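# Topology and contacts: notes
Here are the chains, one letter per residue:
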Amino acid sequence: MDSMFPLSILISVFTMQNPIAAQVQPTSPGIHLFLQARNLQNQRKYTLALPVYQQFEATMGSSPELNLRLAECYKELGKLEKAWEKIQKAHELAPTQQEITIQWGLIAYARAKKENKFIPAARTVLKSATEKVPQEIELWGRNAELCESENDYSEALESWLNVVSLREDFIPAWQRILILSEQLNRYESQRQSVLYLVNQSGDQKSLQALETLANEQLKKNYLAHAEESYALLSQVLKVEPDSWEILGLIQLDLKKYSQALESFKTALTIRPSHRIRFATAQAEIKLNNYEEASKYLLALWDEIKDDLQNPLRKKTQTMLVYNWFLMERYNSLLEFVRSDQQNKGVDSIVAIHTFMSWVAKEDWREAQAQLRYLLNLKESEVAINLKELLPPSMNLSRLSPSPNLLRAISQRCRAEIHQSFIGEEASLALLMSSMLSELNPTATTFILESNCWSNLGKSTESIAALRKAMALDPKNTTILNNLGYALLDQSSSLLEASNLLEEAYRLRPEDEHILDSIGWLRFKQNRYAESEKLLLKAQSLNPQSFDVHVHLFECFAAQGRDEESLSALEVALALRQRQEELLLKRRDDLRRKLNLKKLQLTLPNP
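Cut-offs and rules
Residues numbered from 1 in each chain as written. Predicted model: local features only at pLDDT ≥ 70, side-chain atom pairs only at ≥ 80, totals over all residues. Heavy atoms only, no water. Helix = DSSP H or I, 4+ residues; strand = E, 2+ residues; numbered from the N terminus. Contact = heavy atoms within 4.5 Å. Phe/Tyr/Trp six-rings, centres within 6.5 Å; stacked < 30°, edge-to-face > 60°. Buried < 20%, exposed > 50% of the residue type's maximum accessible area, 1.4 Å probe, protein only. Lys NZ or Arg CZ within 6 Å of the ring centre and 35° of its normal. Salt bridge = Lys/Arg side-chain N within 4 Å of Asp/Glu carboxyl O.

Residue position: Met470 is located in helix H26 (residues 459-472). When the C-alpha positions of Met470 and Phe446 are compared, they lie 9.0 Å apart, and in sequence the two are 24 residues distant. Apart from the residues lying within four places of it in its own chain, the contact partners of Met470 are Ile479, Leu480, Leu483 and Leu500.

With that settled, consider the packing of aromatic side chains. The description of an aromatic ring pair rests on the distance of the ring centres and on the angle between the ring planes. All told, the structure shown has eleven aromatic pairs when counted by the stated rule. Ring plane angle 5° and centroid distance 4.7 Å describe the contact between Trp520 and Phe523, whose orientation is recorded as stacked. Here Trp520 and its partner Phe523 are both found in helix H29 (residues 512-524), three residues apart, which amounts to about one turn of the helix. Exposure remark for Phe523: the relative accessible area of 15% places this residue in the buried category. Aromatic ring contacts, followed pair by pair, group Phe34, Tyr53 and Phe56 into a single cluster. Lying across the ring of Phe118, Arg111 places its NZ or CZ 4.4 Å from the centre. Above the plane of the ring of Phe421 lies Lys286, whose end atom (NZ or CZ) is 4.5 Å from the centre.

Quick look at the pattern of salt bridges now. Applying the stated criterion across every chain, the model contains 40 salt bridges. A salt bridge links Lys82 to Glu85; the shortest N-O distance between them is 3.8 Å. Taken together, the residues span about one helical turn, with Lys82 and Glu85 both in helix H5 (residues 80-93) at a distance of three residues. Using a relative accessible area of 34% as the deciding quantity, one classes Lys82 as partly exposed. The class of Glu85 is partly exposed, set by a relative accessible area of 34%. Arg522 is the partner of Glu530 in a salt bridge, and the nearest nitrogen-oxygen pair spans 3.6 Å. Note on Glu530: relative accessible area 38%, which makes it partly exposed. With relative accessibility at 7%, the residue Arg522 sits in the buried group.

Right under this line is the structure:
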């Protein structure tokens, strides 16, 4: 702003604004006066520059350029009212001249800092100046400061965000963003500021903010973001085992089993614990490293088996049973269950594995006895409703199932309780085996099949399985909801989907999943106000649902409410445990749209 203009430009500026000056030649004494004044100004001799500028004005007349330079001198001398008078004149004469607009905003800010009553006027000027010269970082910063002085924290936050978008390495702006984001409960900007500050400075204050953020992400089930935060915490606090352990648990949930194993092993080297060893065994099992898992689990079991109050005891027992069954070490499993004389409670998972082991060994007598034991348990104690699998004609009091029926029951149990270990395709192979023809067809079996198909992205097969389930249990609200929701994506089936979902909603109007589905149906029917109301209720009951937030995003977007739409989308992406490229692109497009709207990047009126 202090650089000297070329003489040819000066002449053109003055001739455009002052007809008299059009007749002045480059060698005119008036031009030399201006150059002399600029030279004094560049040397910071403002008191000397002012009378020379005034002499020039008396000789040549007024112009935007002259008023700008006079305003700058008055500003530097602390004469802000005079500076404001001159910059106002300059801006009136040349409202599109960027250098004048910048000084217009900065002098307004300087005057507001001296006169509180001038703050509202200065904010209006700065808002206009940032719209006209959005690339000028200082205007955004000054606007943010004045907004904060009037407790307009939302506008201040937006201004600071524009500062870092222009100059990412400006640490004070990130610090203000963090404070304001926490005050306003603005998650995404809070996350961005914390991550940046930790990566750039890593001081105690930013680390505390990162820990707070990471814990909040866990509570809200923002697992992908929580992994990011705990990974950073673990790298910074290298000798803190808790951070590595939590990171590993998050990675387990995200099905990043190799990364989880490395995190747990790091935690073990820092400070071994029963909890970390159990988690390490879980990761080993997920990676099919059953022998390694056995070493961890057996060592852990030896240490805690006599401690009946230890919450890990039952979990370790169950995980050992899972592991031995997956290794097909049925004798070891059965011996272990027999030897655990201290087990005072009924564990249905262990009992079902015992049954499946006898079946695998083809010891039909023991398998029959174990099945009778399972059938005599209370329904609340059994993981699977085994009674519904038996043929209706079978007499439970004289139960003597055939080997084929026992195999079928074992296979059906394994398809359900081992799905997380063997995967959807292997579970489907078990469910669709001819062996299961021995069993009574049930709605729960078809629901399980439908879920497997859905997880594999096979919507046609999933819908077909749900139709079979509905034929067996036409008033089952889970089936009505799942089938209706699946059909919503097929425009030709909208009427059928509507009938199914309306019935599910009538039967269970407070169910969080049904509320989401009926809200999405209303969206498809272009009934946006009703859709929003239902989706917001579903969100209040199930705040960790990815689908609910995506549906809210679409609902707000359809109503042109971009700010709310972006907020819902950002929460959805935080909840999702895998990348959603299409949604990420839509988020970025929406952010750009909002930025353009805020900056009002349009050509100025002539």
